[in-house]
Amino acid sequence: MKVPINKTIEELKAFTFERLVPINLREKNLEIDLRSVGFVDPYGMVSLIILAKSLSLKSIEVKIFLPDSQDVLNYLERMDFFKEVPSCINFDKDISYLQYNIRNPSESLKEVKKICREEDVVDIVDTFANILVTRHRFNRQTVNKFSEIMIETFQNIPQHSSSSTDDYEPEGIAAIQDYKDHIYLALGDAGIGIKTSLLQNPRYRRMALDDTRAIANVLKYGFSRYDVPGRGGGLQRVLSIVTRFNGQLLIRSMQGLVFARKGKMKCFTVGNVGGTLIGIRIPKQVFLQEST
Amino acid sequence: MKVFDLKRYGPTLGTRQQGRQAQQEIEKEIHNMPYGEKLLLDMDGIDIISYSFADEAIAIIIQRLTSREYGNKFILIRCSAQDPLEALEVALERRKLAVLIVKNQKDLSEKNWTCIGIKKDHLNRTLEEVIKHKKIRTVELSQILGISLTNCNNRTTELHRLGLIDRERVNDSSGGIYYINKSIIDG
């Protein structure tokens, strides 16, 4: 039986993405209807890729009804959506012509990179950072702090997205885009999620840890899967930089979602998407100031 | 004093994996140093040091130094910019450690050093006096600070445990002992 996820949405971004998340993962066929989507941001795109990957890992057949909007289709093509989405996903129309369109006519910042190995992280971060400094003339000091955010979040993919026993090859995706008033960084992987990663540490096995608490404890107390002093400070550091820049941090892992802004955290229980998604929004103003 | 240039890993000191490689190479240098020797980690020219790299490459080494795993040896950091030190400071605070930062090794005055990591005003004040005097007996230091000898001894013991000063135990002719506290910047 085909189950349509027919909650039509007009924008695919943080929180509106939640309306796409299927509740019943026991079905063998799912249809995702994006026809009325007129806007997609990096978080929306990365989360859709991770959702598609998670569903394909569960051997669920997925058909995506692509947006009617040509602009959105062009955007998805430019952001390598069709390359990154698993090949077993079916689309309702032929999109092969999109590859002949001009890839980035506005020359605005729209970058996507695949993250598989820890040794590639610094090169990817430097690539993003150099674009921000040279092409966009952003303040070097602020970009350096933003690079710290990228390093800490990107390296979590090879370090934490698989357990020590499973044969899942760590693979994630990161996308960055600039808007009129902010920069958005999104990344995700279809790995084991934060709670399962933390439960590799015997210290937490007796705790009543759900997905939301797992994320909140990482951010508040520096929980880590490694029972070694000094570990677990990376995401705390990310939160501290994001807060200083008056930005927003969203971490979604399995059924947990934590949204942090202005030093406050809001926790939500959401539908299960495998893996972990992170969205970071920083006001553009901080990149344009002389010093931070 | 030996110098270890962190620029060999590039201007971005990023992942924990990269930090682990640096940690092994720094440790090798320390093993080859005689007791009492200092290692200067040169961070001048580094644009970014992440929390993970700082913890793995530097904080872990300092932790081992403070537990005297390598014997009586010391680490200093040269870094003229403030920004790259931020993540290192967070890593040290988490492990309740500290390190001395020097800005220019050739021109060392009071203004050219700072201490990052755990912040305790009374220890900073004591450290300042030791660095100013280069070598000073605990009894003289206690008089300058206007504190009891026992209190002063506790402070210098803690500074020595943190690897921020060197100490020499001296047996005097009357059969007693006293300590000479030495600055590791001017040694």
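Above this text sits the structure in question.
Just so you know, these numbers come straight off a predicted model, no measurement behind them. (Residues numbered from 1 in each chain as written. Chains lettered and ligands numbered in written order. Predicted model: local features only at pLDDT ≥ 70, side-chain atom pairs only at ≥ 80, totals over all residues. Heavy atoms only, no water.)

Another aspect to go through is the nonpolar core. Residues and elements named next belong to chain A. Core analysis: the biggest nonpolar cluster contains 49 residues, and Phe146, Ile149, Phe154, Leu249, Ile280 and Ile282 have the highest contact counts within it. Discounting chain neighbours no more than four positions away, the residues touching Ile282 are Phe146, Ile149, Asp181, His182, Ile183, Val242, Phe245, Gly247 and Phe287. Ranked by size, the runner-up nonpolar core spans 48 residues in total, among them Leu34, Val37, Ile49 and Tyr184. (Core = buried A, V, L, I, M, F, W, Y, C linked by side-chain atoms within 4.5 Å. Buried < 20%, exposed > 50% of the residue type's maximum accessible area, 1.4 Å probe, protein only. Contact = heavy atoms within 4.5 Å.)

Another point: the packing of aromatic side chains. For the structure on display, the rule yields 13 aromatic pairs over all chains. Here Phe146(A) and Phe287(A) contribute two aromatic rings whose centre-to-centre distance is 5.5 Å and whose plane-to-plane angle is 85 degrees, an arrangement assigned as edge-to-face. In this pair, Phe146(A) sits in helix 5 (residues 140–160) while Phe287(A) sits in helix 9 (residues 285–288), placing the two residues 141 residues apart along the sequence. You can call Phe146(A) buried: its relative accessible area is 0%. Here Tyr221(A) and Phe223(A) contribute two aromatic rings whose centre-to-centre distance is 6.3 Å and whose plane-to-plane angle is 40 degrees, an arrangement assigned as tilted. Residue Phe223(A) is classed as buried on the basis of its relative accessible area, which comes to 14%. Taken together, the aromatic side chains of Phe15(A), Phe259(A) and Phe268(A) make up a single cluster linked through ring pairs. The cationic tip of Arg8(B) hangs over the ring face of Phe4(B); the distance from NZ or CZ to the ring centre is 3.9 Å. Here the basic side chain of Arg167(B) rests over the ring of Tyr179(B), its NZ or CZ set 4.0 Å away from the ring centre. (Phe/Tyr/Trp six-rings, centres within 6.5 Å; stacked < 30°, edge-to-face > 60°. Helix = DSSP H or I, 4+ residues; strand = E, 2+ residues; numbered from the N terminus. Lys NZ or Arg CZ within 6 Å of the ring centre and 35° of its normal.)

So, on to the sheet that holds strand 3 (residues 38–42) of chain B. Residue and element names in this part refer to chain B. Spatially, the 5 strands line up as an open sheet ordered 1-3-5-6-7, and their pairing is mixed. The open sheet terminates on both sides in strands that have one partner only, identified here as strand 1 (2–5) and strand 7 (113–117). Each strand of the sheet is rotated relative to its neighbour by a mean of 30 degrees, with strand direction disregarded. Strand direction decides the pairing type here: strand 3 and strand 5 (residues 74–78), joined by 5 bridges, are parallel. Note that in strand 5 the partner of Leu39 across the bridge is Ile75. The strands that helix 2 (residues 51–66) touches are strand 3, strand 5 and strand 6 (98–102); relative to strand 5, the one it contacts most, it runs at about 150 degrees. (Pairing = 2+ DSSP bridges. Axes fitted to C-alpha atoms, helices over the stretch in contact; angles between N-to-C directions.)

Throughout the structure, instances matching the rule amount to 29 salt bridges over all chains. Ionic pairing is found between Asp33(A) and Arg35(A), a salt bridge with its closest N-O pair at 3.1 Å. Overall, Asp33(A) belongs to the buried group, its relative accessible area being 11%. Residue classification places Arg35(A) among the partly exposed positions, given a relative accessible area of 37%. We note a salt bridge from Arg95(B) to Asp55(B), for which the minimum N-O separation is 2.7 Å. (Salt bridge = Lys/Arg side-chain N within 4 Å of Asp/Glu carboxyl O.)

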